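# Reading the structure
Chain residues, written in single-letter form:
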Amino acid sequence: TYAWFFLPSFSQSPPTFGFLLDIDGVLVRGHRVIPAALEAFRRLMNSQGQLRVPVVFVTNAGNSLQHSKAQELSALLECEVDADQVILSHSPMKLFSEYHEKRMLVSGQGPVVENAQGLGFRNVVTMDELRMAFPLLDMVDLERRLKTTPLPRNDFPPIEGVLLLGEPVRWETSLQLIMDVLLSNGSPGTGLVTPPYPHLPILASNMDLLWMAEAKMPRFGHGTFLLCLETIYQKVTGKELRYEGLMGKPSILTYQYAQDLIRRQAERRGWVAPIRKLYAVGDNPMSDIYGANLFHQYLQKATRDGVPELGARGPQQQQPSASQSCISILVCTGVYNPRNPQSTEPVLGGGQPPFHGHRDLCFSPGLMEASHVVNDVNEAVQLVFRKEGWASE
């Protein structure tokens, strides 16, 4: 049983807005909860311990299971978080059903097989399984090189695609084996004289170049791994690596998926009013703010002209959108810190920032400008409540 500081109760109409909350740098730093997050959730809960508005947690992390992340958040935030409130970077891969029966090589760490199966992929091969089948491919680590030459394998079915769920532990092994699969058209034990192009389909999630943990400086994210893979492929083949699906913030596909979960959450709670406004709170200008502003543009265009083509590759949204806006709110507890001259992002309104986004994004510097900049997530919730006429103090 959690002890709550309850705000005064008062009569309120059903909510017409919801929150998309980033996790790392907004609610937690590494495994430590940010104190302002506890204050924010005291405001978000009613006297029965239920959320007063729909909330979805949208993270670019992907190395844990959805229900495990929900349990972790429940403990840290001292409230009940359901698995269907959590969107991991790879969650929208559930929509790519045309690849669910294909034999897919999966890269990442943590429960990668369980995650892939939970997304609908029924025939996955791990890096370790591929390495064990073809041990001569893994040559970087001298300690792991074979002392004898194994017999060639001819009983290993070809790989039909690649799933990139998050940064792996051994980058050099994963980069080498993914390249082997792409250059051999899925049969790395044989090799090909002319690499096929277009290459096998690749689905990738999490484009974050950097992310913030307990360290004072940001850490490499999966976007850095993708940058390495793209550069190696370009250098070796002279051609551009292509993705059939690229998701995680700032992909529009991820925000569409989040919007759908917000809608379903409101329906389950019996809130009959459509959720018209989404407030996206994040700490990373390139993923959280850029993505929210990009989705806001998308919603505005959809309101005027009907549903436009997606800016990121992926299946079209089936459910019509009730949301009309997505307002970006930047907090200063993670990647972005205006008081730190060594911050990875320049102070907003300053000089041209370095482009930390993915190669396939059409960069528009204005999309990195947040609608609001606040100190922390508690201030973000207070700001939204005031704007929506929900101020309760």
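Rules and cut-offs
Residues numbered from 1 in each chain as written. Predicted model: local features only at pLDDT ≥ 70, side-chain atom pairs only at ≥ 80, totals over all residues. Heavy atoms only, no water. Pairing = 2+ DSSP bridges. Helix = DSSP H or I, 4+ residues; strand = E, 2+ residues; numbered from the N terminus. Contact = heavy atoms within 4.5 Å. Axes fitted to C-alpha atoms, helices over the stretch in contact; angles between N-to-C directions. Expected span 1.5 Å × (residues − 1). Buried < 20%, exposed > 50% of the residue type's maximum accessible area, 1.4 Å probe, protein only. Polar contact = N/O pair within 3.5 Å; in protein donor to acceptor, adjacent residues only side chain to side chain. Parallel < 35°, antiparallel > 145°, perpendicular 65-115°, else oblique. Nonpolar A, V, L, I, M, F, W, Y, C, P; charged D, E, K, R; others polar. Core = buried A, V, L, I, M, F, W, Y, C linked by side-chain atoms within 4.5 Å.

## Quick notes on the sheet that holds strand E1 (residues 17-21)
Either a parallel or an antiparallel arrangement is found when strands of a sheet pair, and the pairing is made through backbone hydrogen bonds. The sheet built from 6 strands is open, its strands ordered E5-E4-E1-E13-E14-E15 with parallel pairing. Of all strands in the sheet, those bounded by a partner on one side alone are strand E5 (86-87) and strand E15 (372-374). Of the pairings in the sheet, the one linking E1 to strand E13 (residues 277-282) comprises 5 bridges and is parallel in character. Within E13, the position partnered with Leu20 by the bridge is Ala280. In this fold helix H9 (residues 377-387) packs onto E1, E13, strand E14 (325-331) and E15, with an angle of close to 165 degrees to the strand it touches most, E1.

## Looking at helix H7 (residues 252-268)
Within an α-helix, residues lying three or four positions from one another point in the same direction, as the helix has 3.6 residues per turn. Between the first and last C-alpha of H7 there are 25 Å, a value that for 17 residues agrees with the 24 Å anticipated at 1.5 Å per step. In terms of residue burial, H7 counts as a mostly covered element, since 13 of its 17 residues are buried. The opening residue of H7, the one whose side-chain oxygen lies 3.1 Å from the backbone nitrogen of Leu253, is Ser251. At the exit of H7 stands Gly270, carrying a positive phi of roughly 75 degrees.

## Topic: the packing of helix H1 (residues 35-44) against H9
Between H1 and H9, the shortest axis-to-axis distance is 7 Å and the interhelical angle comes to 30 degrees. As the angle between them shows, H1 and H9 are arranged roughly parallel. Contacts from Ala36, Ala37, Glu39, Ala40, Arg43 and Leu44 in H1 reach Val377, Asn378, Val381, Gln382 and Phe385 in H9. Tallied by class, the residues present in the contact of H1 with H9 amount to 7 nonpolar, 2 polar and 2 charged.

## As for unusual backbone geometry
Of note, the bond from Tyr197 into Pro198 is cis; its omega dihedral lies within 30 degrees of zero at 5 degrees. Pro250 follows Lys249 through a cis peptide bond whose omega is 10 degrees. The phi angle at Asn185 is positive, at roughly 60 degrees, despite the residue not being glycine. Phi at Asn206 is positive, roughly 75 degrees, even though this residue is not glycine.

## Topic: the nonpolar core
Residues Phe19, Leu27, Phe41, Leu44, Phe57, Val281 and Val377 are the most contacted members of the largest nonpolar core, which totals 39 residues. Broken down by secondary-structure element, the contributors of at least two residues to this core are E1, H1, strand E4 (55-58), helix H2 (66-77), E13, E14 and H9. For this core, the element with the most residues is H9, which contributes 6 residues. Core analysis: the second largest hydrophobic core is formed by 28 residues, Ile159, Met179, Leu200 and Leu226 among them.

## Focus: the side chain of Ser205
Structurally, Ser205 can be placed in strand E9 (residues 202-205). Here Ser205 falls in the buried class, since its relative accessible area comes to 0%. Not counting residues up to four positions away in its chain, the partners in contact with Ser205 are Ser89, His90, Met93, Leu164, Leu165, His222 and Met247.

## Some points on the sheet that holds strand E8 (residues 161-164)
Here 5 strands make up an open sheet; going across it, the order is E7-E6-E8-E9-E12 and the pairing parallel. The open sheet has two edge strands with one neighbour each: strand E7 (124-126) and strand E12 (245-247). Neighbour to neighbour, the strand axes of the sheet diverge by 20 degrees on average, direction disregarded. Relative to E12, E9 is paired through 3 bridges, and the arrangement is parallel.

## A short note on the environment of Phe225
Here Phe225 lies in helix H6 (residues 222-237). With 57 residues separating them along the chain, Phe225 and Pro168 place their C-alpha atoms 8.5 Å apart. Among all residues touching Phe225, those that are not within four sequence positions of it are Ser107, Pro168, Trp171, Ser174, Leu175 and Ile178.

## Considering the environment of Pro135
Mapped onto the secondary structure, Pro135 falls in the loop between helix H4 (127-133) and E8. The spacing of Pro135 and Gly189 is 54 residues in sequence and 9.7 Å in space, taken between C-alpha atoms. Ignoring anything within four residues of it in the chain, the contact list for Pro135 reads Leu146 and Pro150.

## Things to note about the pairing of E1
For E1, the buried fraction is high: 5 of the 5 residues fall into the buried class. Residues Phe17, Phe19 and Leu21 point to one face of E1 and Gly18 and Leu20 to the other, with burial holding for every one of them. When E1 meets E4, the two strands line up parallel, connected through 3 bridges. The residue of E4 that forms the bridge with Leu20 is Val56.

## Some thoughts on the packing of H7 against helix H8 (residues 285-305)
At a minimum axis distance of 9 Å, the contact between H7 and H8 shows a crossing angle of 75 degrees. In terms of orientation, H7 and H8 fall into the roughly perpendicular class. When H7 is examined against H8, the residues Ile252, Tyr255, Gln256 and Gln259 are found in contact with a partner set consisting of Ser287, Asp288, Gly291, Ala292, Leu294, Phe295, Tyr298 and Leu299. A class-by-class count of the residues in the contact of H7 with H8 yields 7 nonpolar, 4 polar and 1 charged.

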